[in-house]
Each structure stands twice: as structure tokens, then as C-alpha cells.
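# Reading the structure
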Amino acid sequence: MTEDDLTTVRVDQFLAHPPRKVWRALTEPDLLAQWLMPGDFRLEVGHRYTMRAQAMPATGFSGIVQAEVLAFEPERMLRIGWRDADPASPGRADWTITWTLQPEGRGTRLFLVHEGFDPDSPIQQRARTIMGGGWRSMAMRRLDEVLHRLEPR
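This part covers the layout of surface pockets. Approximately 510 Å³ is the volume attributed to the largest pocket. Looking at the largest pocket, it is lined by 22 residues, and the ones nearest its centre are M37, A53, M56, M131 and M138. Contributions of two or more residues to the lining of the largest pocket are made by β4 (77–84) and α3 (122–149). By residue number, the principal contributor to the lining of the largest pocket is α3, which donates 8 residues. Residue composition of the lining of the largest pocket, grouped by class: 16 nonpolar, 3 polar and 3 charged.

Structure, rendered in C-alpha cells:
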């Protein structure tokens, strides 16, 4: 990655789908499970929930995320707090993920800001590198696949 900010991952992705459709993929639990991680998400500020993924020992990630909805503006912005569920995790993940949707033509410009990486922690910087690549490639590809299958409302 060429970013100078060692505390943040930024993604700018155009999706050929309207904001309403992208918003659904970001906020409906069954759709989230298809492209991100399964969990008991509910669009309500203060709602805490758990997501499960594969553990990544190289980054100190236990595989279980404790998340909290911090803020949202329907079809515009969603901010989530992420923490590793294992308090003894060497990665000490305590991050904020913000998705911002901007209409662009017939589609949506999706901005992702994943912040809170410790610039002085080698394990957190490894996580930043891996997650930055994952957000840009795998997650955005999976999100787009879900959007293509999703019937408009």
C-alpha cells in the first residue's frame, strides 16, 4: 500500500448499483453474511453484535469480532466499532469502520475508512496491510457479487 497514514485503510470503490441497493447489502444481516461475516447485526445505534470469521494468527485476530453500531444516516453513512472478542489477543484490535455512500451517475461511490491501527505495532501494521488488501479485492468483489444477485426493491 502506498498510503502515508499508518493508522488507516481507505478504499474508494465505484459500484454500478444505486445507493439504496448498496445500503441494503451493508445493513441487512443475511446480505452482510454473504459478503462480509455472519452476525446478528441490527441497524440501531448502540446495538452490539458478534461476527465470526476465520482466525488469523499472523495478525493476532481470534476470528470473533465484537461490533457496535456507532452511527448511521440511511443510504449515506454507516459507522461500526470493531474489537477482537479475545481480550488477550496480541493484535489488540480496536478499530472503527465507516462506509460512506455517494450517488454517482446510475451507481454509487462507496468510501470505506478503516481506522485505529497502531503505527508502532508490527502486528497491527501486518493486520493493516492484510486487511487493506482484503477490503480492496476480496470484500469489494464479494459485495459486488451480492449486489448483482440482489433484486431491486
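Following the criterion strictly, the structure yields 10 salt bridges and no others. A salt bridge links D118 to R92, with the nearest nitrogen and oxygen atoms 3.8 Å apart. Remark: R92 occurs in the loop between β4 and β5 (94–104) and D118 occurs in the loop between β6 (107–115) and α3; sequence separation between them is 26 residues. On the basis of relative accessibility, which here comes to 27%, the residue D118 falls in the partly exposed class. Note that R109 and E104 form a salt bridge whose closest N and O atoms lie 3.0 Å from each other. Linked by salt bridges that have partners in common, D12, E104 and R109 make up one network.

Moving on, we come to the packing of aromatic side chains. Tallying each qualifying case throughout the model produces 5 aromatic pairs. Judged by centre distance (5.9 Å) and plane angle (40 degrees), the ring pair of W82 and W135 falls under tilted. Of this pair, W82 sits in strand β4 while W135 sits in helix α3; the two residues are 53 residues apart in sequence, bridging distant segments of the chain. Overall, W82 belongs to the buried group, its relative accessible area being 6%. The exposure class of W135 is buried, given its relative accessible area of 4%. Centroid distance W95 to F117: 4.7 Å. Interplanar angle 40 degrees. Geometry classified as tilted. Of this pair, W95 sits in strand β5 while F117 sits in the loop between β6 and α3, and the two are 22 residues apart along the sequence. Ring-pair connections join several aromatic residues into one group, and the members of that group are W35, W82, W99 and W135.

Criteria and thresholds
Residues numbered from 1 in each chain as written. Predicted model: local features only at pLDDT ≥ 70, side-chain atom pairs only at ≥ 80, totals over all residues. Heavy atoms only, no water. 1 Å grid on protein atoms, 1.4 Å probe; cavity = no way out; pocket = protein on both sides within 12 Å on 5 of 7 lines; lining within 4 Å. Points joined across faces, edges and corners; volume = space filled by probe spheres on them. Helix = DSSP H or I, 4+ residues; strand = E, 2+ residues; numbered from the N terminus. Nonpolar A, V, L, I, M, F, W, Y, C, P; charged D, E, K, R; others polar. Salt bridge = Lys/Arg side-chain N within 4 Å of Asp/Glu carboxyl O. Buried < 20%, exposed > 50% of the residue type's maximum accessible area, 1.4 Å probe, protein only. Phe/Tyr/Trp six-rings, centres within 6.5 Å; stacked < 30°, edge-to-face > 60°.

By themselves, these observations are geometric and do not establish any function.
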